[in-house]
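# Notes for the structure review
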Amino acid sequence: MANAFDQFDAPSAGNPFDQFDPQSAVTPSPSSLARRALGDTAVSLGKGVVGAGESAVGLADLATGGYAGKALNKLTGYDPKATKAALDDLYSPEQKAANKAVQDADGFVPTLGALAKNPSAIVQGVAESAPSIIGAGGGAQAIGKAGILAKNALARGAIGEGLVGAGQQAEQFRQDNPDGTLSARQELAALASGAGTAAFAGLGGKVAQKLGISDLDTMLAGGAAPAAAAKQGLARRVGEGFVSEGALEEMPQSIWEQATQNFGNGKALSEGVGNAAATGLVVGGVMGGGTNLLSRQPNAAPAPPPLGAPTDGAIPYTPTTVEEVARQRAEAMGIKPENGPLSVASG
């Protein structure tokens, strides 16, 4: 319906009755590529850094019933929930719409469809996960330096990821509680979440080993890329990395984490599980495929040249005994020892 005050509009700008025009009539200009590619990614990385900090505070919460985080809030104003909300407001309008479309999707298949229509949500999901994944790798390396599982990077990587998951869930529980602490039910849920996350990380890493492909958690824990991957094609490595990290690790982890979060909050265990599963599958798969796309496979050291073989244009040399050298010189001079006087006299 046309605005009734349009009849008073004049050709000149600044008509006071423009305030009554429908807001939908004003079409915002699209965000620039730099704003979306750099600005939105910076926001996601910022949220990821906040999330990594939550994991550290959350581990202290588990040891104190949530009083560590509560004390930090009172002493310093620590409020990661509010910080993340403020960062969300910095996203471009397009990214806000993409994130909302994925978050509002209900069920596994609808969420896959929303991700397909909004691929920027996948990119930002990877960016937001990166700081916590790196933090888990740092923790895994610290475990190795302490002499624990020093020769088992796979196990260390799984433990590091489990610790991060448990800490993040504990701190998120605490933030949502009116008294700012943790209930016994929530502590149990956070511990179970971390244990399941570690178990699925270990499963994904083990499968990656069997396939001869790189595993992100194992590499960040200090493990080397498998030598067998050098014999495989790039497409195969990327595809198997997607399946290993996405379908066998991140998807079951996301299902388990959502279920334990629901348990801790007293909700139905299945609430939001489909959305979490689809998001974990795609975001985790992209990370797994990307790891195998970017990782460098170890090159086999060249075998040393055989003894006596020429190298760099050098003259071939084969060591011989003194007797052999004397025999070769005698033959060259036509001397036959058996025809000598001593040989004839003895004969």
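Model, not experiment: these values are computed from the prediction.

### Concerning the side chain of Asn-262
- On the secondary structure map, Asn-262 appears in helix 10 (residues 234-264).
- Dropping the residues within four chain positions of it, Asn-262 is found in contact with Lys-267, Ala-268, Leu-269, Ser-270 and Glu-271.

### Details of the pattern of salt bridges
- Under the definition given, this model contains 9 salt bridges.
- Of the charged contacts, one joins Asp-176 and Lys-81 as a salt bridge, the two residues approaching to 2.9 Å between their closest N and O atoms. In this pair, Asp-176 sits in helix 7 (residues 153-176) while Lys-81 sits in helix 3 (residues 80-88), placing the two residues 95 residues apart along the sequence.
- Here Glu-240 makes a salt bridge to Arg-236, at a shortest N to O gap of 2.9 Å. Here Arg-236 and Glu-240 lie together in helix 10, a separation of 4 residues that amounts to about one turn.
- The buried category is assigned to Glu-240, whose relative accessible area is 17%.

### Considering the packing of aromatic side chains
- Going through the model one piece at a time under the given rule, you end up with 0 aromatic pairs.
- The aromatic ring of Phe-263 is capped on one face by Arg-185, whose charged end is 3.9 Å from the ring centroid.

### Focus: the packing of helix 6 (residues 119-145) against helix 7
- Running from N to C, helix 6 and helix 7 point in directions that differ by 125 degrees, and their axes come no closer than 8 Å. Compared by their axis directions, helix 6 and helix 7 come out oblique. Here helix 6 runs over helix 7; the crossing is right-handed. Residue-level inspection shows Ser-132, Ala-136, Ala-140, Ile-143 and Gly-144 of helix 6 in contact with helix 7, the latter providing Arg-156, Gly-157, Ile-159, Gly-160, Glu-161, Val-164 and Gln-168.
- The class makeup of the residues in the contact of helix 6 with helix 7 is 5 nonpolar, 5 polar and 2 charged.

### Quick notes on the packing of helix 1 (residues 33-64) against helix 6
- Axis separation between helix 1 and helix 6 bottoms out at 7 Å; the angle between their running directions is 40 degrees. Every pair of crossing elements has a handedness; the one defined by helix 1 and helix 6 is right-handed. Contacts between helix 1 and helix 6 involve Arg-36, Asp-40, Thr-41, Ser-44, Leu-45, Lys-47, Gly-48, Val-49, Gly-51 and Ala-52 from the former and Ser-120, Gln-124, Ala-127, Glu-128, Pro-131 and Ser-132 from the latter.
- Taken together, the residues of the contact of helix 1 with helix 6 break down into 5 nonpolar, 7 polar and 4 charged.

### Let's talk about unusual backbone geometry
- Unusually for a residue other than glycine, Leu-149 sits at a positive phi of about 50 degrees.
- In this fold, Leu-149 is placed in the loop between helix 6 and helix 7.

### What about the side chain of Gln-253?
- Tracing the sequence through the fold places Gln-253 in helix 10.
- When its relative accessible area of 1% is taken as the criterion, Gln-253 is described as buried.
- For Gln-253, the residues in contact, after removing those within four places along its chain, are Glu-161, Thr-197, Phe-200 and Ala-201.

### Concerning the environment of Asp-79
- Inspection of the secondary structure assignment puts Asp-79 in the loop between helix 2 (67-76) and helix 3.
- Judged by relative accessible area, which is 34%, Asp-79 ranks as partly exposed.
- Distance in space between the C-alpha atoms of Asp-79 and Val-50 is 9.7 Å, their sequence separation being 29 residues.

### Some points on the environment of Gly-266
- Looking at the element boundaries, Gly-266 is found in the loop between helix 10 and helix 11 (273-294).
- Exposure remark for Gly-266: the relative accessible area of 56% places this residue in the exposed category.

### Some thoughts on the nonpolar core
- Residues Val-102, Ala-105, Ala-114, Leu-115, Ala-121, Ile-122, Ile-133, Leu-216, Val-282, Val-283 and Met-287 constitute the largest nonpolar core, which totals 11 residues.
- Put simply, the parts of the chain that give this core at least two residues each are helix 5 (108-117), helix 6 and helix 11.
- What Ile-133 contacts, discounting residues up to four positions off in sequence, is Leu-216, Asp-217, Leu-220 and Met-287.
- Leu-62, Ala-166, Phe-173 and Ala-190 belong to the second-largest nonpolar core, a separate cluster that totals 7 residues.

### Digging into a nonpolar patch on the surface
- Together, Leu-59, Ile-148, Leu-149, Ile-159 and Leu-163 make up a nonpolar patch on the protein surface, roughly 380 Å² of accessible area in all.
- If you trace the backbone, Leu-59 turns up in helix 1.
- Overall, Leu-59 belongs to the partly exposed group, its relative accessible area being 35%.

Here is what the cut-offs are and how they apply
- Residues numbered from 1 in each chain as written.
- Predicted model: local features only at pLDDT ≥ 70, side-chain atom pairs only at ≥ 80, totals over all residues.
- Heavy atoms only, no water.
- Helix = DSSP H or I, 4+ residues; strand = E, 2+ residues; numbered from the N terminus.
- Contact = heavy atoms within 4.5 Å.
- Salt bridge = Lys/Arg side-chain N within 4 Å of Asp/Glu carboxyl O.
- Buried < 20%, exposed > 50% of the residue type's maximum accessible area, 1.4 Å probe, protein only.
- Phe/Tyr/Trp six-rings, centres within 6.5 Å; stacked < 30°, edge-to-face > 60°.
- Lys NZ or Arg CZ within 6 Å of the ring centre and 35° of its normal.
- Axes fitted to C-alpha atoms, helices over the stretch in contact; angles between N-to-C directions.
- Parallel < 35°, antiparallel > 145°, perpendicular 65-115°, else oblique.
- Left-handed = near helix turned anticlockwise from the far one by under 90°.
- Nonpolar A, V, L, I, M, F, W, Y, C, P; charged D, E, K, R; others polar.
- Core = buried A, V, L, I, M, F, W, Y, C linked by side-chain atoms within 4.5 Å.
- Patch = residues over 30% accessible without salt bridge, like charges linked within 9 Å, V, L, I, M, F, W, Y side chains within 5 Å.
- Areas by Shrake-Rupley, 256 points an atom, 1.4 Å probe, with all protein chains shown as cover.

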